[in-house]
Amino acid sequence: HWRLFGKRLELCAAMGIDVLVVACDVHGPLSETDLERVQMSLVHAAEHAAQAGVKLALELQATASLGSNLQTIAMLVAEAAHPNLGICLDVFQY
């Protein structure tokens, strides 16, 4: 799936798209290892995005076990601590 993600980032860069919205559709139940994997994946994705000159905006998903509210999304973004990862505030979610 990383190869497909890379192709999407290349497409964004080629079309001048600065921000790609990424859904936080993590479903559980989740173990501590799963949470660590999510965090590592977010950092990895942000690093790939930075190489393509694109930023990622993590979007809430109401049905997700993780990432279904603003507090959780904010925590995930803060823990990733990467300048190419932010939050998508979709007014439809509110």
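Keep in mind that this is a model prediction, so the values were computed, not measured.

**Q** Quick question: what am I supposed to make of the overall build of the protein chain here?
**A** Along its length, the protein chain carries three helices and three strands. Along its sequence from the N terminus, the protein chain presents helices and strands in the succession α-β-α-β-α-β. For 94 residues, the compact-globule estimate of 2.2 N^0.38 gives 12 Å, and the C-alpha radius of gyration of the protein chain, at 13 Å, lies within 12% of that figure. In the protein chain, once contacts between residues fewer than 6 apart in sequence are set aside, the share between residues at least 24 apart is 75%.

**Q** Hey, could you run me through the sheet that holds strand 2 (residues 55-59) in this one?
**A** For sheets, the rule is that strands pair by backbone hydrogen bonds, running either parallel or antiparallel. Read from one edge to the other, the open sheet built from three strands follows the order 1-2-3, with strand pairing classed as parallel. Of all strands in the sheet, those bounded by a partner on one side alone are strand 1 (19-23) and strand 3 (85-88). In this sheet, adjacent strand axes meet at a mean angle of 35 degrees when their direction is disregarded. As paired strands, strand 1 and strand 2 are joined by five bridges and run parallel to one another. What sits directly across from Val21, in strand 2, is Ala57. Contacting strand 2 and strand 3, helix 2 (residues 32-52) runs over the sheet at an angle of about 145 degrees to strand 2.

**Q** Whenever I open this one, the nonpolar core confuses me. Can you help?
**A** A general tendency of soluble globular proteins is for nonpolar side chains to be buried together. Counting 21 residues, the largest nonpolar core has Leu9, Leu20, Leu56, Leu58, Leu76 and Leu85 as the members making the most contacts within it. For this core, the secondary-structure elements that each account for two or more residues are helix 1 (2-15), helix 2, strand 2 and helix 3 (70-80). The element that contributes the greatest number of residues to this core is helix 2, accounting for five residues. If near-sequence neighbours (up to four positions away) are discounted, Leu20 is found in contact with Phe5, Leu9, Cys12, Val54, Lys55, Leu56 and Ala57.

**Q** I keep staring at the side chain of Asn84 and nothing clicks. Help me out?
**A** Along the chain, Asn84 falls in the loop between helix 3 and strand 3. With a relative accessible area of 13%, Asn84 lands in the buried category. From its side chain, Asn84 meets the backbone oxygen of Val54 in a polar contact 2.8 Å long. Beyond its immediate stretch of four places on either side in the chain, Asn84 contacts Ala46, Ala49, Ala50, Val54, Lys55 and Leu56.

**Q** Would you explain unusual backbone geometry in this entry?
**A** Trans peptide bonds make up the majority, and among non-glycine residues the majority have a negative phi. Here Gly28 and Pro29 are connected by a cis peptide whose omega angle stands at 15 degrees. As for its position among the elements, Pro29 is in the loop between strand 1 and helix 2. Although it is not a glycine, Ala81 sits at a positive phi angle of roughly 50 degrees. Relative to the elements of secondary structure, Ala81 occurs in the loop between helix 3 and strand 3. By relative accessible area, which is 63% here, Ala81 ends up exposed.

Rules behind the numbers
Residues numbered from 1 in each chain as written. Predicted model: local features only at pLDDT ≥ 70, side-chain atom pairs only at ≥ 80, totals over all residues. Heavy atoms only, no water. Helix = DSSP H or I, 4+ residues; strand = E, 2+ residues; numbered from the N terminus. Rg over C-alpha atoms; globule rule 2.2 N^0.38 Å. Contact = heavy atoms within 4.5 Å. Pairing = 2+ DSSP bridges. Axes fitted to C-alpha atoms, helices over the stretch in contact; angles between N-to-C directions. Core = buried A, V, L, I, M, F, W, Y, C linked by side-chain atoms within 4.5 Å. Buried < 20%, exposed > 50% of the residue type's maximum accessible area, 1.4 Å probe, protein only. Polar contact = N/O pair within 3.5 Å; in protein donor to acceptor, adjacent residues only side chain to side chain.

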